[in-house]
Amino acid sequence: MADKKIPPVMTTSQGCPVSDPFKTQRVAIDTSDYKHAQPPQGPLLLQDFQLIDALAHFDRERIPERVVHAKGAGAFGVFEATDDISDICKSSFLQKGKRTRTLTRFSTVGGEKGSADTARDPRGFATKFYTEEGNLDFVYNNTPVFFIRDPIKFPHFIHTQKKTPQKNTMDGNNAFWDYLTTNPESIHQVMVLFSDRGTPASYRKMNGYSGHTYKWYNAKGEWHYVQVHMMSDQGVESLTVEQAAKHAGEDPDFITADLFDNIEKGNNPSWTMYIQTMTLEESKKLPFSVFDLTKVWPHSQFPLRRFGKLTLNENPKNYFAEIEQAAFSPSHTVPGMEASFDPVLQSRLFSYPDTHRHRLGTNYNQIPVNCPLKSGVFNPIIRDGAMTVNGNMGSHPNYLATQCPVTFAKALIPAKEASTATIGGLGEEKHTGEVVPFHWTVTDYDFVQPRALWKVLGRQSGQQRNFIHNVAVHIANSRPDIQERVYDYFSKVSKEIGEGIRREVQGISSRAKL
Ligand code: NDP
Ligand code: HEM
């Protein structure tokens, strides 16, 4: 890093000092008979490394943006384990009092990298914990449920939030509502999304939820189903649809700036972290599956238990290096924490490292922000590949024999620990059964929790009214047949919602005609 007081010497990419950063080499033609004095003119030279160096790098300075969650902001921080939960989880970073460095990236989901921070969209809340047992990523959202529970629907649903193939516009949000109304298991998430929580006022003022059920193990090998809740110590604050639209027009990076500026001032945001836990036997008595991502675990039955605090206290020095290149995955885990059978989670275990290899390259883990702590990395078969910059394990043999030589054994992780560091590695569950085509059908129970949420909104002044308004504004330019389907979709939660939206849309249409 250059000293701020002494301007650095400009060089080529190879470190050769550059005498004039703006010069290009050219063959000067004879201009002696021109009426006015001419600067040297003529073709450029292939030998001009300084120019070619600059242009060739410029031509390659974009990497693919994330296919979802492209717009984001992030900061480093610290996690402190505030409470003992060793009866639930043995992960070493959870030992009471322990502090672990972290990186958090917040994001919107559907929009491009340049889209507005205030879009109505879930917000991503991804945190990387640089633990002594390897990197652990919590790749969460600010909503406790999701639109799908059949993972193969994800590309379909996401495509409805992208521009149309021919015209490249959102086309009155027709595709979005076409998809949702024909896949009604989405309704719980859609209810959250069209409440004011769908447009957070700040990344500092929203919660994070695992959404999925995970499995955490204690040192005795006993496990619980776990859901994680990260509750904002700043409280939850939202924008109205009008405020969100105003910010989107006037300052689309408003929430990115809010995070950076507050941390810069030392106004460090924090989240208190809780778990809900459930035993296998309890899960069998539920009216829904714990692997159903469209459901929450009622607080009354599964109270929150505190285990830690996350504080963001350090802005990135460089956005591209540390935030754009950050690579999170639910499959980046540590001993004591595993994925459950939730099929959406299982699919995500594959999808993230796969997209990282495409977006950042096969050695994405060697980019400093993604590097596990040095002491923790040793794998003699993960070698070579583009951009190998970590010394590549030097002369160490590039294979393991079944009977490990003693020299290898020293470096290996003890077998007992390794089993939980890899997904599905524990031996106590027996997985047998037929291969069955899997498609989750919709039942009446899918509307029970959305109804509970409608009541929650009724407890907060103006929230039900805002909800109806937010949906009406969103479908105001949709096709009439899609609008009808939207009224039916919400009427399955309550007739009052469907009718309320219909009235509001009619009001918007008649005002537009005036
Ligand atoms: P509770 O009355 O105990 O929980 C209600 C919860 O609703 C609150 O704790 C709050 O979550 C959340 N909430 C408040 N306003 C909104 C909003 N605008 N959008 C989304 N969530 C909001 O009852 P239950 O646990 O039985 O849950 C009732 C309903 O509340 C659920 O069907 C679900 O829709 C919603 N909810 C439940 C959560 C859970 O884990 N049980 C988590 C979040 C929402 P928080 O305290 O997390 O801010
Ligand atoms: C980002 C896939 C569901 C949270 C991404 C990315 C992909 C993806 C490909 C881009 C990653 C990158 O380029 O770095 C999927 C698939 C899903 C799914 C296939 C379902 C089948 C979910 C769910 C959640 C979630 C349910 C939350 C509970 C996130 C977050 C990011 C992200 C927070 C942004 C990470 C970052 O900041 O870099 N997802 N996702 N996703 N996803 Fe998902």
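Parameters and conventions
Residues numbered from 1 in each chain as written. Chains lettered and ligands numbered in written order. Predicted model: local features only at pLDDT ≥ 70, side-chain atom pairs only at ≥ 80, totals over all residues. Heavy atoms only, no water. UniProt positions renumbered as here; feature names shortened; annotations may be inferred. Near = heavy atom within 4 Å. Helix = DSSP H or I, 4+ residues; strand = E, 2+ residues; numbered from the N terminus. Nonpolar A, V, L, I, M, F, W, Y, C, P; charged D, E, K, R; others polar. Domains from an automatic or database assignment. Expected span 1.5 Å × (residues − 1). Buried < 20%, exposed > 50% of the residue type's maximum accessible area, 1.4 Å probe, protein only. Contact = heavy atoms within 4.5 Å. Buried area = accessible area lost by both parts, 1.4 Å probe. Donors = N, O, S within 2.8 Å, 3.2 Å for Na, K, Ca; no water.

Taking an unreviewed UniProt entry as the reference, the chain is identified by name as Catalase belonging to Pachysolen tannophilus NRRL Y-2460. Recorded in UniProt under Catalytic activity (unreviewed entry), the annotation for the chain is "2 H2O2 = O2 + 2 H2O".

(A) Summary view of the site of ligand 1. The full set close to ligand 1 counts 20 residues, and His 188, Arg 197, Tyr 209, His 299 and Gln 460 are the nearest of them. Per element, the largest residue contribution to the shell around ligand 1 is 5 residues, and it comes from helix 12 (residues 448–458). Looking at the shell around ligand 1 residue by residue, the class counts come to 11 nonpolar, 7 polar and 2 charged. Mapping the shell around ligand 1 onto the domain boundaries places at least three of its residues in each of domain 2 (72–142 + 200–373) and domain 3 (449–513).

(B) Region of the structure containing helix 14 (residues 480–491). With 12 residues, helix 14 extends 17 Å between its outermost C-alpha atoms, agreeing within 8% with the 16 Å of an ideal straight helix rising 1.5 Å per residue. Along helix 14, the residues classified as buried are Ile 482, Gln 483, Val 486, Tyr 487, Tyr 489, Phe 490 and Ser 491. Packing partners of the buried residues in helix 14 comprise helix 3 (174–182), helix 4 (187–193), helix 13 (463–475) and helix 15 (495–513).

(C) Main features of the domain arrangement of the chain. Partitioning the chain into domains gives domain 1 (1–61), domain 2 (72–142 + 200–373) and domain 3 (449–513). Domain 2 and domain 3 are separated by 31 Å when their C-alpha centres are compared. Taken together, the contacts link 7 residues of domain 2 with 4 residues of domain 3. For the pair domain 2 and domain 3, the two sides together bury roughly 460 Å², of which 47% comes from carbon and sulfur.

(D) Looking closely at the coordination of the iron atom of ligand 2. From the protein, the iron atom of ligand 2 takes a single donor atom, Tyr 352 (OH), 1.8 Å away. The residue Tyr 352 is located in helix 9 (residues 343–359) in this model.

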